[in-house]
Amino acid sequence: MKNNEDHHHHHHDHNHPHKLPESFEEMRTMAIESLLIEKGLISTEEVDELIRYFVSDIGPMNGSKVVARAWVDPEFKQKILENGNLAFTELGLKNMQSDLVVLENTPGIHHVVVCTLCSCYPWALLGLPPTWYKSTAYRSRVVIDPRSVLQEFGVELEDSVEIRVVDSNAEVRYLILPERPPGTEHMTEEELTAIITRDAMIGVAKVRAAN
Amino acid sequence: MNGMHDVGGTDSFGPIEREENEPVFHEPWEARMRAITTLVIKKCRIYNLDEGRHASERMHPVFYLGSSYYQTWLLRLEALLMEKGVLTEEEIADKITQISPVQFTSHLQPYRKVQPMLPSVQRRKVIQVTRSVRQKNEPIQPIFSPGSVVRVKEMSPLGHTRVPRYIRGKVGVVEAIHGNYFLPDVRVHEGIDVYQPVYQVRFNAQDIWGEDASPNDKLLIEMWEDYLEWGGTRDEKQ
């Protein structure tokens, strides 16, 4: 991706067409970008800057910070469970998105998030969603058969555990606060962030202590 | 609308395919197209997110289900730029002849279209709004409260809505009140923002899917107030 950005930068400095499209989609995208620039609606620089934001600025590392802080600081955890938006302010992160709600996974209750109608996702904290999250396979099945989906992801839950599937159909975004795994008592907040995964914050995985 | 996008509970889409260390974008055009879409929505305000969602819903089902995520995003961007009068297909075609010696075709060209809604004599486009305010911060007393037993209205509006089919007619319990949010249905079709309380509602999985579902499992979903009606004779909390 980095190379491509540089590539585009380089080319647009010269302000003439340079690269030939290699697919239907690339051809249409290039035509639209070019037309919108001619109409004065957007600029190449704005497009490049947003791509950098999507690729480099956002990602699961932001969500991991929230979860690690919640694990080590019970007061912070209580605050964000009551008002998820505080997760951004307290950690100095920018919320470019809707209101955030944090749901806690416990030994008895396991939350898992989906958007059955489109692809709603807390990208301000987790980055853009992976393809599987947007797939019809996941969106169709996790609501009707969450146990088999979780099994596929490697999460085996006892029958007694209550699974709460959260269909994110409105303007609230959900972050799952996974359980802190045993054997991590000695770890620092920073070390904890390294073991917290995107999938655990969607609810399709549990966090494992690093070996 | 009762569209193919509303896949919750649909069988036979196959296993969930995951990619290890998936890149944020697989192709450079995906990144540029996504960024362009964001600018068109957030900076130029040519259309909004909800109109975007509705354009996806109006795609031919064969194209929607047979295309990648960003292939549908590209069609949606094109369709709305044209519907809003920003671009024409002729302009795009002319530009393509300038930039590309090769003319590529879509893998699903005959189905690559966004359909207008068909007129109906008996189906509403938008749900009926009973109570709303015009500002997000304007107070509106929620009708339901945590513990209220509610039923999702049976409905089949032709237009945009955020009520998936699998939950219509089902009875659940209000878990929380999230605050006031604009009703997407009205935003798309009337071009105005009217705000209503939005509730997080909890359903027993068995009440949605029958006895095959686990007796312990629950489904949480958000419902704007006008999506709901009273679902029981008394509150759970009483």
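Owing to the predicted nature of the structure, the values given are computational and were not obtained by experimental measurement.

*Asks:* In this structure, what is going on with the overall build of chain A? I would like to understand it.
*Replies:* The helix and strand inventory of chain A stands at 12 helices and 4 strands. Seen through its C-alpha atoms, chain A measures out along the principal axes to roughly 60 × 35 × 35 Å. Sorting the 211 residues of chain A into buried and exposed places 56% on the buried side. Considering only intrachain contacts with a sequence separation of at least 6, the fraction spanning at least 24 residues in chain A is 66%. For chain A, the exposed area adds up to about 9000 Å²; of that, 50% sits on carbon and sulfur atoms.

*Asks:* When you look at the overall build of chain B in this model, what are you seeing that I'm missing?
*Replies:* Across its full length, chain B holds 7 helices and 5 strands. Helices (α) and strands (β) of chain B occur, in sequence order from the N terminus, as α-α-α-α-α-β-β-α-β-α-β-β. Seen along its three principal axes, the alpha-carbon backbone of chain B occupies a region of about 70 × 45 × 40 Å. Across the 238 residues in chain B, those meeting the buried criterion constitute 55%. A separation of at least 24 residues holds for 72% of the contacts in chain B among residues at least 6 apart in sequence. Accessible area for chain B stands at about 11400 Å²; split by element, carbon and sulfur atoms hold 48% of it. Both charge centroids of chain B, one from 30 positive and one from 33 negative side chains, sit 5 Å from each other.

*Asks:* What is the right way to read the sheet that holds strand E5 (residues 228-230) of chain B from this model?
*Replies:* Each strand in a sheet pairs with another by means of backbone hydrogen bonds, the pair being arranged parallel or else antiparallel. Ordered by their spatial adjacency, 7 strands build an open sheet running E2(A)-E3(A)-E4(B)-E3(B)-E2(B)-E1(B)-E5(B), and the pairing between neighbours is mixed. The sheet terminates laterally at strand E2 (109-114) of chain A together with E5 of chain B, the two strands that pair on one side only. Strand after strand, the sheet turns through a mean of 35 degrees between neighbouring axes, direction not considered. Bridge count for strand E3 (residues 195-204) of chain B against strand E4 (residues 218-224) of chain B is 7 bridges, and the pairing is antiparallel. In the strand pairing of E4 of chain B, Val198 of chain B is matched with Trp224 of chain B.

*Asks:* Explanation requested: the nonpolar core in the structure shown.
*Replies:* Within soluble globular proteins, side chains that are nonpolar generally end up buried alongside one another. Counting residues in hydrophobic clusters, the biggest one holds 121 residues, and the most contacted among them are Leu36 and Tyr138 of chain A together with Leu81, Ile167, Leu219 and Met223 of chain B. No other element matches helix H1 (residues 28-43) of chain B, which puts 8 residues into this core. Among residues more than four places away in sequence, those in contact with Leu36 of chain A are Leu41 and Ile42 of chain A together with Ile36, Val40, Leu81, Val86 and Leu87 of chain B. Core analysis: the second largest hydrophobic core is formed by 8 residues, Met59, Phe63, Leu108 and Val114 of chain B among them.

*Asks:* Just to check I follow, could you spell out the packing of aromatic side chains for this structure?
*Replies:* In total, this model carries 17 aromatic pairs over all chains according to the counting rule given. Ring geometry for Tyr133 of chain A versus Tyr138 of chain A: centroids 5.7 Å apart, planes at 35 degrees, classification tilted. Here Tyr133 of chain A and Tyr138 of chain A have matching classes, each one buried. Note on Tyr69 of chain B and Trp73 of chain B: the rings are 5.5 Å apart at their centroids and 50 degrees apart in plane angle, and the pair reads as tilted. Of the two residues, Tyr69 of chain B and Trp73 of chain B are both situated in helix H4 (residues 69-83); the distance of 4 residues between them amounts to about one turn of the helix. Each of the two residues, Tyr69 of chain B as well as Trp73 of chain B, counts as buried. Of the aromatic side chains, those joined through ring pairs into one cluster are Tyr53 and Phe54 of chain A together with Phe25, Tyr69, Tyr70 and Trp73 of chain B.

*Asks:* Help me understand the pairing of strand E4 (residues 172-177) of chain A in this model?
*Replies:* Regular strands place their side chains on alternate faces of the sheet. Residues and elements named next belong to chain A. Most of E4 sits out of view: 6 of its 6 residues are buried. Here E4 shows no split at all, with Val172, Tyr174 and Ile176 on one side and Arg173, Leu175 and Leu177 on the other all buried. Alignment of strand E1 (residues 99-104) against E4, held across 6 bridges, turns out to be parallel. By the bridge assignment, Glu104 is partnered in E4 with Leu177.

*Asks:* Quick question: what am I supposed to make of unusual backbone geometry here?
*Replies:* Note: most residues except glycine have negative phi, and most peptide bonds are trans. Residues and elements named next belong to chain B. Notably, Ser12 is not glycine yet its phi reads approximately 75 degrees, a positive angle. The residue Ser12 is located in the segment before H1 in this model. Since its relative accessible area comes to 75%, Ser12 is described here as exposed. Even without being glycine, Arg45 reaches a positive phi, approximately 50 degrees.

*Asks:* Teacher, can you tell me more about the environment of Leu36 of chain A here?
*Replies:* With respect to the element layout, Leu36 of chain A can be found in helix H2 (residues 24-38). Accessibility expressed as a relative area gives 0% for Leu36 of chain A, which makes it buried.

*Asks:* Just checking my understanding: could you explain the state of the cysteines for this structure?
*Replies:* By definition, a disulfide links the sulfur atoms of two cysteine residues through a covalent bond. Residue and element names in this part refer to chain A. The final tally for this structure, using the stated rule, is 0 disulfides over all chains. In this structure Cys118 is a free cysteine whose sulfur lies 3.5 Å from that of Cys115, the closest cysteine sulfur available. On the basis of relative accessibility, which here comes to 16%, the residue Cys118 falls in the buried class.

So, how was this worked out
- Residues numbered from 1 in each chain as written.
- Chains lettered and ligands numbered in written order.
- Predicted model: local features only at pLDDT ≥ 70, side-chain atom pairs only at ≥ 80, totals over all residues.
- Heavy atoms only, no water.
- Helix = DSSP H or I, 4+ residues; strand = E, 2+ residues; numbered from the N terminus.
- Buried < 20%, exposed > 50% of the residue type's maximum accessible area, 1.4 Å probe, protein only.
- Contact = heavy atoms within 4.5 Å.
- Areas by Shrake-Rupley, 256 points an atom, 1.4 Å probe, with all protein chains shown as cover.
- Lys, Arg positive; Asp, Glu negative; His and termini not counted.
- Charge placed at Lys NZ, Arg CZ, Asp CG, Glu CD.
- Pairing = 2+ DSSP bridges.
- Axes fitted to C-alpha atoms, helices over the stretch in contact; angles between N-to-C directions.
- Core = buried A, V, L, I, M, F, W, Y, C linked by side-chain atoms within 4.5 Å.
- Phe/Tyr/Trp six-rings, centres within 6.5 Å; stacked < 30°, edge-to-face > 60°.
- Disulfide = S-S within 2.5 Å.

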